[in-house]
Amino acid sequence: MSTDFVTRPSDQIREVKIERGYLKSCPASVLYSSGDTVVLCAASVEPSVPPWLEGKGKGWVTAEYNMLPGSTSPRKRRDRSKVDGRTTEIQRLIGRSLRSIIDLNALGEQMITVDCDVLQADGGTRTASITGGFIALADAVASIIPGSTIGNGPLLDSVAAISVGVIGDELKLDLDYELDSAADVDMNVIMTGSGRFVEIQGTGEEATFDDEQLAGLIRLAKKGIGELTTMQRSVLGQ
Ligand code: UDP
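The residue count restarts for each chain, going from 1 along the sequence in the order it is written. Thresholds applied to this predicted model are a pLDDT of at least 70 for local features of residues and 80 or more for the giving and counting of side-chain atom pairs; totals over whole chains, interfaces and linings are not thresholded and use all residues. Processing note: side-chain calculations cover all non-hydrogen atoms of the structure and skip hydrogens and water entirely.

Side note on the overall build of the protein chain
Move 1: Numbering of helices and strands starts at the N terminus; helices are DSSP runs of H or I of at least 4 residues and strands are runs of E of at least 2. In terms of helices and strands, the protein chain carries 6 helices and 9 strands.
Move 2: Using C-alpha atoms as the atom set, the radius of gyration is obtained and then compared with a globule rule of 2.2 Å times the number of residues to the power 0.38. Taken over the C-alpha trace, the protein chain has a radius of gyration of 18 Å; the compact-globule value for 238 residues is 18 Å, and the two agree within 12%.
Move 3: Once the C-alpha set of the protein chain is aligned to its principal axes, its extents read approximately 55 × 40 × 30 Å.
Move 4: Categorising residues by exposure relies on relative accessible area from a 1.4 Å probe, with only protein chains included: less than 20% of the type maximum marks a residue as buried, more than 50% marks it as exposed, and the intermediate range marks it as partly exposed. Counting the 238 residues in the protein chain, one finds 48% classified as buried.
Move 5: Split by element, the accessible area of the protein chain, about 11,300 Å² in all, is 48% carbon and sulfur.
Move 6: Residues scored as charged are limited to Lys and Arg (positive) and Asp and Glu (negative), so that His and the chain ends carry no count. A charged residue contributes its charge at one atom only: NZ of Lys, CZ of Arg, CG of Asp or CD of Glu. Charge centroids of the protein chain, computed over 24 positive and 33 negative side chains, lie 6 Å from each other. Shrake-Rupley sampling with a 1.4 Å probe provides the accessible areas, and residues are treated as covered by the protein chains on show and by no other component.

Structure below.
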């Protein structure tokens, strides 16, 4: 789908577009695009927590992820009977990432669900879901605790994610589908705005990788996440 395989420099992220308040139906929603990958992140608040957390005075943040049938070609079948393994892995990753920067005690007994629906998939849908999902989460928190900002209220920090990979002897930042398909090694890096790691998923599928390549991939990811963090704070006006 994308043609930037040749034109985009190795250390540049794709163009990001962020539209806040995309839906009227929920307090916090963000249409997040990274190149041709487009994800709608919608955060809803419920005044209760899952049964295992009741009576503890703590809140909960969780995420659901889905690729719409028309988001890719051939179409992704709707599976009405069960959630597939990839979807389960991705939605748990999004939930863990968002919980890493929130003080659940400061949320009170409320649950925020961040729904990430992929409208168009061109690689990096989980990282887009985390980066866009954080903005929706921040707006949802501000809707229940007015005046809360990053570092003031339940949000302890921001969180963002990007993919990196090795293609031949080159290290690449932000893999679209074409790059992802060509990658010997691919890695998803999730970090806080203050530069701490939340999670790293790295796989050498076509080739193994060494310490030097790993260090280079992390350097690239940090650069990308730094840029995404600046954008997140800017759209949130913080
Ligand atoms: N993909 C697809 N159908 C699928 C799974 C993946 O078309 O059922 C494509 C889609 O473009 C996706 C890319 O493959 O973005 C890479 O998928 P991966 O599982 O690595 O996750 P992502 O990079 O999107 O987080």
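Describing the UniProt feature "domain: Exoribonuclease phosphorolytic" (unreviewed entry) in the protein chain
Move 1: Summarizing the sequence annotation, UniProt attributes the feature "domain: Exoribonuclease phosphorolytic" (unreviewed entry) to residues 12-140 and 158-224 in the numbering used throughout.
Move 2: Taken end to end, residues 158-224 has its terminal C-alpha atoms 14 Å apart, with 30% of it in helix and 43% in strand. UniProt positions are given in the numbering used here, feature names are shortened, and annotations may be inferred rather than shown by experiment.

Side note on the UniProt feature "binding site: phosphate" (unreviewed entry) in the protein chain
Move 1: In the numbering adopted here, UniProt assigns the feature "binding site: phosphate" (unreviewed entry) to Arg86, Gly124, Thr125 and Arg126. For the annotated residues, spread through 41 residues, the largest C-alpha to C-alpha distance comes to 13.3 Å, consistent with a single compact locus.
Move 2: Assignment of secondary structure puts Arg86 in helix α2 (residues 85-99).
Move 3: Look at Arg86 and you get partly exposed, because its relative accessible area is 33%.
Move 4: Those residues in contact with Arg86, other than ones at most four positions away along the chain, are Tyr65, Met67, Thr125 and Arg126.
Move 5: For the purposes of these results, a polar contact is taken to be a pair of N or O atoms within 3.5 Å, where, inside protein, one atom must be able to donate a hydrogen and its partner to accept one; residues adjacent in sequence count only when each atom of the pair is a side-chain atom. Among the polar contacts listed, one links the side chain of Arg86 to the side chain of Tyr65, at a separation of 3.2 Å.
Move 6: Among the secondary structure elements, Gly124 is positioned in the loop between β5 (111-120) and α4 (125-144).
Move 7: Beyond its immediate sequence surroundings of up to four residues, Gly124 is in contact with Arg14, Thr37 and Leu175. For this analysis, residues touch if any pair of their heavy atoms sits within 4.5 Å.

Quick notes on the packing of aromatic side chains
Move 1: The pairing test for Phe, Tyr and Trp rings, Trp by its six-membered ring, is centres within 6.5 Å, and the orientation test on the planes gives stacked under 30 degrees, edge-to-face over 60, and tilted for anything in between. Inspection of the entire model under this criterion finds 1 aromatic pair.
Move 2: Plain terms: the ring middles of Trp52 and Trp60 are 4.9 Å apart, the flat faces sit at 85° to each other, and that makes the pair edge-to-face.
Move 3: On the accessibility criterion, Trp60 (18% relative accessible area) is buried.

Some remarks on the pairing of strand β7 (residues 170-173)
Move 1: Pairing of strand β6 (residues 159-167) with β7, which is carried by 4 bridges, proceeds in the antiparallel orientation. By the bridge assignment for β7, Val166 is matched with Leu171.
Move 2: Only strands joined by at least two bridges in the DSSP assignment are considered to pair. Where β6 folds back onto β7 in an antiparallel hairpin, the turn is made up of 2 residues, including Gly168, whose phi is positive at roughly 65°.

Brief notes about the site of the ligand
Move 1: Think of it this way: one heavy atom of a residue within 4 Å of a molecule or strand is enough to make that residue near it. Every residue lining the ligand is accounted for by Met67, Thr72, Lys76, Arg86, Ala121, Asp122, Gly123, Gly124, Thr125, Arg126, Tyr177 and Asp180.
Move 2: Between the ligand and the protein, one listed contact pairs an oxygen atom with a side-chain N or O atom of Thr72 at 2.7 Å.
Move 3: Ala121 places a polar main-chain atom, nitrogen or oxygen, 3.4 Å from an oxygen atom of the ligand.
Move 4: For the ligand, whose free accessible area comes to 500 Å², the fraction covered by protein is 76%.
Move 5: When residue character is reported, Ala, Val, Leu, Ile, Met, Phe, Trp, Tyr, Cys and Pro are called nonpolar, Asp, Glu, Lys and Arg charged, and the others, Gly included, polar. Of the residues contributing to the shell around the ligand, the split by class is 3 nonpolar, 4 polar and 5 charged.

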